[in-house]
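Coordinate inspection notes
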Amino acid sequence: MTARHRSRRRELVESIAQGAVLLSDDGQGFAINEAARELLAIPEGARARTAEDVLTHPALAEAVDDVLDTAQPVTLEIDRAEARLRVNVSMLRDEVLVLITDRTEEHRVDELRRDFVVNASHELKTPVTSIQALAEALSVVCHEQPERVPELVGQLGDEAARLAALVPDLLDLRRLEERGPLELASVDLAELVRRVVANQIDRAEDLEVGLVVDVPSEVEIPGIVGDLQVVVRNLVRNALTYNRAGGTVEVRLRTLDDDDTVELVVADTGVGIASSELPRIFERFYRVDPARSRATGGTGLGLSIVRHAVENLGGSVEVASQLGDGTSFTVRLPTVRPATAR
Ligand code: ADP
């Protein structure tokens, strides 16, 4: 191999934006660019002398052998360090070109989506199966034990309500995820909080939970009315649901001293959440107590929707809780249009 050949190979590899490695067909001579070095986690300064030093991943080494044997291009995905890489191996005249792209983020999104479909199907299947079973039972019972009909009709109604509750939450999530650039409008968050809380008063009375609201007369922020309503509604609804008779829910809103941030706190004196569960409660479909959540019409989606909506607006949400004593959610939102808003 001539020096000219080697330098041409280096130039070619360096001109490629993706990770690229070019190997001679005997596997001895090669060139690698910086992107490939990073993606393949070859430490800086480590001098790789032969192709084997570079292609330490067995599937990758095998793909190179296959391409040398058959001259047919091969595409494969490999895990390297924390990354998921897509590797394309093909012949380039008498050399082997390995192109590497980082698919970690796409892979993560694919997995989330796959999990979501599996979980959503499971959540839908449970009430649907119950409805089918109840409908069959009804067709028998209405002839043989007509006195049981009201009980079964009641159960049928509960299952249908459960199914119906899932649909708006699924639509909220989809809307939040698939929206393009945000169109923010000036929203009076104080007024919005008062309205949402007012809609929960009947429920609070039924549950015998006191509602305390401490909100200034007006707090303008850039936002989206529908999303902010969902955030406040889900937090207040949970604070009431995971409470007990005689408990309270406090909803406080204030502008922080820097004037750049508003803080909404929804604090309850309810059942609380064990610290080991806290990291998971914002996950989709995660419930600390599935039986209680189902019994109260929960979908396990409320907090994931809250977090999504708040983060879309450039804000954050935090939780603090004491098992048995109560829980407090703190949402912070910028008062000026955030650069991070999509
Ligand atoms: P769900 O529809 O089940 O309420 P969420 O996503 O809103 O789903 O909440 C996830 C889980 O977090 C709930 O199932 C519940 O176990 C717990 N949780 C949420 N808010 C509270 C709260 N204020 N107090 C105690 N537990 C809560």
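Residues numbered from 1 in each chain as written. Predicted model: local features only at pLDDT ≥ 70, side-chain atom pairs only at ≥ 80, totals over all residues. Heavy atoms only, no water.

**Some words on the site of the ligand**
In the vicinity of the ligand lie 21 residues, with N238, Y242, S293, T299 and L303 positioned nearest. In the model, an oxygen atom of the ligand is placed 2.7 Å from a nitrogen or oxygen of the T299 main chain. Within the side chain of T327, a nitrogen or oxygen atom sits 3.4 Å from a nitrogen atom of the ligand. When the free accessible area of the ligand is taken as 530 Å², the share hidden by the protein chains comes to 97%. If you list the elements that add at least two residues to the shell around the ligand, you get α9 (225-241), α11 (302-312) and β12 (326-334). (Near = heavy atom within 4 Å. Polar contact = N/O pair within 3.5 Å; in protein donor to acceptor, adjacent residues only side chain to side chain. Areas by Shrake-Rupley, 256 points an atom, 1.4 Å probe, with all protein chains shown as cover. Helix = DSSP H or I, 4+ residues; strand = E, 2+ residues; numbered from the N terminus.)

**A short note on the packing of helix α6 (residues 149-178) against α9**
In contact at an axis separation of 12 Å, α6 and α9 are set at 135° when each is read in the N-to-C sense. Regarding the angle of α6 to α9, the classification is oblique. Where α6 crosses over α9, the two elements pack in a sense that is left-handed. In contact with D169, D172, R175 and L176 of α6, α9 contributes D227, V230 and R237. Taken together, the residues of the contact of α6 with α9 break down into two nonpolar, no polar and five charged. (Axes fitted to C-alpha atoms, helices over the stretch in contact; angles between N-to-C directions. Parallel < 35°, antiparallel > 145°, perpendicular 65-115°, else oblique. Left-handed = near helix turned anticlockwise from the far one by under 90°. Contact = heavy atoms within 4.5 Å. Nonpolar A, V, L, I, M, F, W, Y, C, P; charged D, E, K, R; others polar.)

**Examining the sheet that holds strand β11 (residues 316-322)**
The strand order across the open sheet built from five strands is β7-β9-β10-β12-β11, with neighbouring strands paired in mixed fashion. At either margin of the open sheet sits one strand with a lone partner, and together these are β7 (210-214) and β11. Direction aside, neighbouring strands of the sheet carry axes that sit 10° apart on average. Direction of pairing for β7 relative to strand β9 (residues 248-255): parallel, over a ladder of five bridges. Bridging from a neighbouring strand, D214 pairs with R252 of β9. On top of the sheet, helix α7 (residues 189-198) reaches β7, β9, β10 (261-268) and β12; it is set at about 170° to β9, its chief contact. Running at roughly 25° to β10, α9 makes contact with β7, β9, β10 and β12 of the sheet. (Pairing = 2+ DSSP bridges.)

**Here we look at α6**
Along its 30 residues, α6 runs 44 Å from first to last C-alpha, staying within 8% of the 44 Å computed at 1.5 Å per residue. Buried within α6 we find L152, E159, L166, D169, L170, D172, L173 and L176. For α6, the elements touching its buried residues are α5 (104-144), α9 and α11. (Expected span 1.5 Å × (residues − 1). Buried < 20%, exposed > 50% of the residue type's maximum accessible area, 1.4 Å probe, protein only.)

**Section: a negative patch on the surface**
Where like charges cluster on the molecular surface, the negative patch consists of E11, E14, E34 and E38. For the negative patch, the elements supplying multiple residues, two or more each, are α1 (3-14) and α2 (34-39). By relative accessible area, which is 61% here, E38 ends up exposed. (Patch = residues over 30% accessible without salt bridge, like charges linked within 9 Å, V, L, I, M, F, W, Y side chains within 5 Å. Salt bridge = Lys/Arg side-chain N within 4 Å of Asp/Glu carboxyl O. Lys, Arg positive; Asp, Glu negative; His and termini not counted. Charge placed at Lys NZ, Arg CZ, Asp CG, Glu CD.)

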